[in-house]
Amino acid sequence: MSSDTGSGSESSGSSSSDGVTKPIVQNAIGDRAQREYREEIVKDMAIEKMKEKMDKIVTKLGKDIEQKMDIAVDDLFAEVKQFNLKNYELKQLFNEKPVEGVKRGHHGGRKGARSDGKLPEKEFIARNSLLTDLFEVKHIKTIYHIFVVILIILFLNTVVHDFVDTGSINLGFRPIVAGFGKFHIALMLWSCMQMSTFLLYPCFRLWAGGRERFAQASSVRKLWDIVALALFVSYQCAFVVLSIKGLLWHDLPPASSTAYLMEMTRFLMKAHAFIRSNAARALAAGAAKKHSESKPTNPDTFRTGLPSFGKYAYFLFAPTLVYRDEYPRTKQIRWRIVARHALEVVGVIFYISFILERFLAPLFEKFGHAKISSGSFVLSLFGSIMPGSLSFLCAFYCLLHAWMNGSAELLRFADRMFYRDWWNESTFAGYIRSWNVVVHDWLYTYVYKDCVENVFRTCRPLATVAVFTLSAVFHEVILAFSFRFFYPVMFVQFEFMGLLLMFVTRGMGKDVGNVLLWLMLSIGNGLHLSLYNMEYYARRNCPDIGNSVVDYLVPVSWSCNGISHNQNWTITAPWSMD
């Protein structure tokens, strides 16, 4: 019984110890699990911090690498651009691809004659305007931004001065409103010119088709050709006369007249380019038909060898004056580029108007009211140099970059070399070739080249004189009929000073020549603006000016209250703030 009791007590003791041990063990296991859980949390937090630090390190390294890559790419881009600029001298006269058979000169230039003795042709290739490429370089783009900021500050400075001084704000809209008056009439006259130019195509096709009905060497065919040539020359003369008569009849203001006459000149150049380029094809088509009766492979080409009307219509609107059946085209129209260039055109026109009203009109608006001292005239001349140079640069950017690139984008015209780096030229001849490539292409192709090959027989100086004379005449016609007086400042600058500077700057160094070129451009623009403004305001202020032809040909600014040696009033620059 004792044994039973002992065993029972022993069993009860063991059961009591198990009851105490289980909670202890469970608590120990829970503590260890909690410690492991906390350690895992700490590890996770440490890993997250390490990830954050690694992300920061990677981001920093990425930014450093990206910055260094941007600098390297910009440097590479700038080197490529500079390489292209340097190689402009190694290319053709119009920055074209080299033409086979043309010999190189001793300075990397070209002698300008092919192996067959003829001058090279204009070649169209897909390329951007020079400023478009230069603006891809960050440093050049910043210079452009600085120039825009300077214009804005100058504008704000004048506006604030007007508001503080007079209590009113003058934004310079008066030259725009007065200059572009009757613009709807100018558009109507422009439409008439456009329609007459369209009608030239069926007339030319009629001549080309009609001559095939006559024998190859018959006198009737020769008479037909002579009559057609005489009619075309008569058409050009009548086109000019009637266009100018329409302008005078409706008395268009100066800015509308200038735009209208520039379009008249463009239509003349387009018509001549089309006829000159396709007359030889029409003449050759008859001879080719004698040897081959095969149909032309191009469906857009008539049996006479003429292009279709669609090609002719595209040429009339394309931003080039040299005719080709095909031009390099872009794949699509970038409307953002069109909108940007349109805004630039409007902004530049506004700013030129602001310059005219704020900086040039105050210098000359008293001409004709009183005698002008010689000292005041000299001050007005030099006071107009800086505004004239600024207007010159703005007009270049507006017409040859913004307007031409905007129209080229609308027409998907891919060859956009409308100018070269004329600002780097050291000779006047280089400046003339680089300033307006579109007009220079036409003068070279249809005047200089024809004169050298067909008229003067390799006498290039006479061909150069012919180019300068034709250019000077049309510049003077535009100015004379826009302002209603003949003051041949532009003609003298082109015909005499231009030819003289071509020889004077030929042997100069690049640095000296470039400085002299910019000095002559600045003084020439100042002189041009001064004399034309002086004559314009003198004719407005002087009484009893007749309407005869002699009155339009003889300047009145030197006779009606002209320059005297006694100072009656003093011209004060508007920026002096006195």
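Presented here is an overview of the structure given in this document. Predicted model only: the values in this text are computed from it and were never measured.

1. A closer look at helix H6 (residues 219-250)
Note that an α-helix has 3.6 residues per turn; residues three or four places apart therefore point the same way.
So, point 1. Across its 32 residues, H6 extends 46 Å between first and last C-alpha, which sits within 8% of the 46 Å expected from 1.5 Å per residue.
So, point 2. Three or more residues of H6 are buried, namely Arg221, Phe232, Gln236, Phe239, Ser243, Ile244, Gly246 and Leu247.
So, point 3. Asp251 occupies a position one or two residues after H6 and carries a positive phi of about 50 degrees.

2. Considerations on empty space enclosed by the protein
So, point 1. With the rule as written, the count across this model stands at two cavities of 30 Å³ or more.
So, point 2. Counted as a void, the largest cavity has a volume near 80 Å³.
So, point 3. The wall of the largest cavity is formed by Lys122, Phe124, Pro319, Thr320, Leu321, Phe413, Asp415, Met417, Phe418, Val437, Val438 and Asp441.
So, point 4. Here the residues of the lining of the largest cavity are counted per class, giving eight nonpolar, one polar and three charged.
So, point 5. Space inside the second largest cavity adds up to approximately 30 Å³.
So, point 6. Lining the second largest cavity, in full, are Thr197, Tyr235, Gln236, Phe239, Phe267, Leu268 and Ala271.
So, point 7. Going through the elements one at a time, H6 and helix H7 (254-291) are the ones with two or more residues in the lining of the second largest cavity.

3. Quick word on the environment of Arg358
So, point 1. You can see Arg358 is positioned in helix H9 (residues 335-364).
So, point 2. The buried category is assigned to Arg358, whose relative accessible area is 16%.
So, point 3. Expressed as a C-alpha distance, the spacing of Arg358 and Gly172, which sit 186 residues apart in the sequence, is 7.1 Å.

4. Regarding unusual backbone geometry
So, point 1. Residues other than glycine seldom take positive phi values, yet Arg412 does so here, at roughly 55 degrees.
So, point 2. On the basis of relative accessibility, which here comes to 28%, the residue Arg412 falls in the partly exposed class.
So, point 3. Phi at Arg484 takes a positive value of approximately 65 degrees, unusual for a residue other than glycine.
So, point 4. Along the chain, Arg484 falls in the loop between helix H14 (460-483) and helix H15 (489-504).
So, point 5. Under the relative-accessibility criterion, Arg484 is labelled buried at 17%.

5. Side note on H9
So, point 1. Look at H9: 42 Å from first C-alpha to last across 30 residues, which is about the 44 Å you get at 1.5 Å a residue.
So, point 2. Residue Glu357 marks the point of greatest curvature in H9, where the axis turns by about 35 degrees.

6. So, the pattern of salt bridges
So, point 1. One pass over the structure, following the stated rule, counts 14 salt bridges.
So, point 2. For Lys449, the salt bridge identified is with Glu453, shortest N-O distance 3.1 Å. Taken together, the positions of Lys449 and Glu453, both in helix H13 (residues 437-455) and four residues apart, correspond to about one turn of that helix. Neither residue differs from the other here; Lys449 and Glu453 are each classed as buried.
So, point 3. For the salt bridge of Glu535 with Arg539, the shortest nitrogen-to-oxygen distance reads 2.7 Å. Of this pair, Glu535 and Arg539 both sit in helix H16 (residues 510-541), four residues apart, which is roughly one turn of the helix. Of the two residues, Glu535 and Arg539, both sit in the buried class.

7. What to know about the packing of helix H3 (residues 138-166) against H9
When two helices pack together, their arrangement is given by the angle between the helix axes and the distance between those axes.
So, point 1. Between H3 and H9, the least distance of the axes is 12 Å, while the angle of their chain directions is 45 degrees. Between H3 and H9, the crossing angle belongs to the class labelled oblique. Two packed elements cross with a definite hand, and for H3 against H9 that hand is left-handed. Contact residues: Tyr144, Leu151, Leu154, Phe155, Thr158 and Asp162 in H3; Glu344, Phe350, Tyr351, Phe354, Arg358 and Phe359 in H9.
So, point 2. In terms of residue class, the contact of H3 with H9 is built from eight nonpolar, one polar and three charged.

Calculation notes
In every chain, residue numbers begin from 1 and rise along the written sequence. Local features in this predicted model are restricted to residues of pLDDT 70 or higher, and side-chain atom pairs are both shown and tallied only at a pLDDT of 80 or more, whereas totals for entire chains, interfaces and linings draw on every residue. As a rule here, side-chain values come from all non-hydrogen atoms in the structure, and water together with hydrogens is ignored. Strands here are runs of E lasting at least two residues and helices are runs of H or I lasting at least four, both read from the DSSP assignment and numbered beginning at the N terminus. A helix is expected to reach a length of 1.5 Å times the quantity of its residues less one. Throughout, exposure labels follow a simple rule: accessible area from a 1.4 Å probe, protein chains only, divided by the maximum for the residue type, with under 20% read as buried, over 50% as exposed, and the rest as partly exposed. A 1.4 Å probe that fits into a set of points on a 1 Å grid over the protein atoms alone but cannot get out defines a cavity; an open set with protein on both sides within 12 Å along at least five of seven lines defines a pocket, and lining residues are those with an atom within 4 Å of a point. Grid points are joined across faces, edges and corners, and a volume is the space filled by probe spheres set on the points. Here the nonpolar group is Ala, Val, Leu, Ile, Met, Phe, Trp, Tyr, Cys and Pro; Asp, Glu, Lys and Arg are the charged ones; every other residue, Gly included, is treated as polar. What is called the bend at a residue is the angle between a pair of axes, fitted to the seven residues leading up to and ending at it and to the seven starting from it. Should a side-chain nitrogen of Lys or Arg be within 4 Å of a carboxyl oxygen of Asp or Glu, the pair is scored as a salt bridge. Between the N-to-C directions of two axes lies an angle of 0 to 180 degrees, each axis being a line fitted to C-alpha atoms and, for a helix, fitted only over the stretch in contact. Here is the rule for angles: anything less than 35 degrees is roughly parallel, anything more than 145 is roughly antiparallel, 65 through 115 is roughly perpendicular, and the remaining ranges are oblique. With the far helix as reference, a near helix turned anticlockwise by less than a right angle produces a left-handed crossing, and one turned clockwise produces a right-handed crossing. Contact between two residues is taken to exist if any of their heavy atoms lie within 4.5 Å; hydrogens are not considered.

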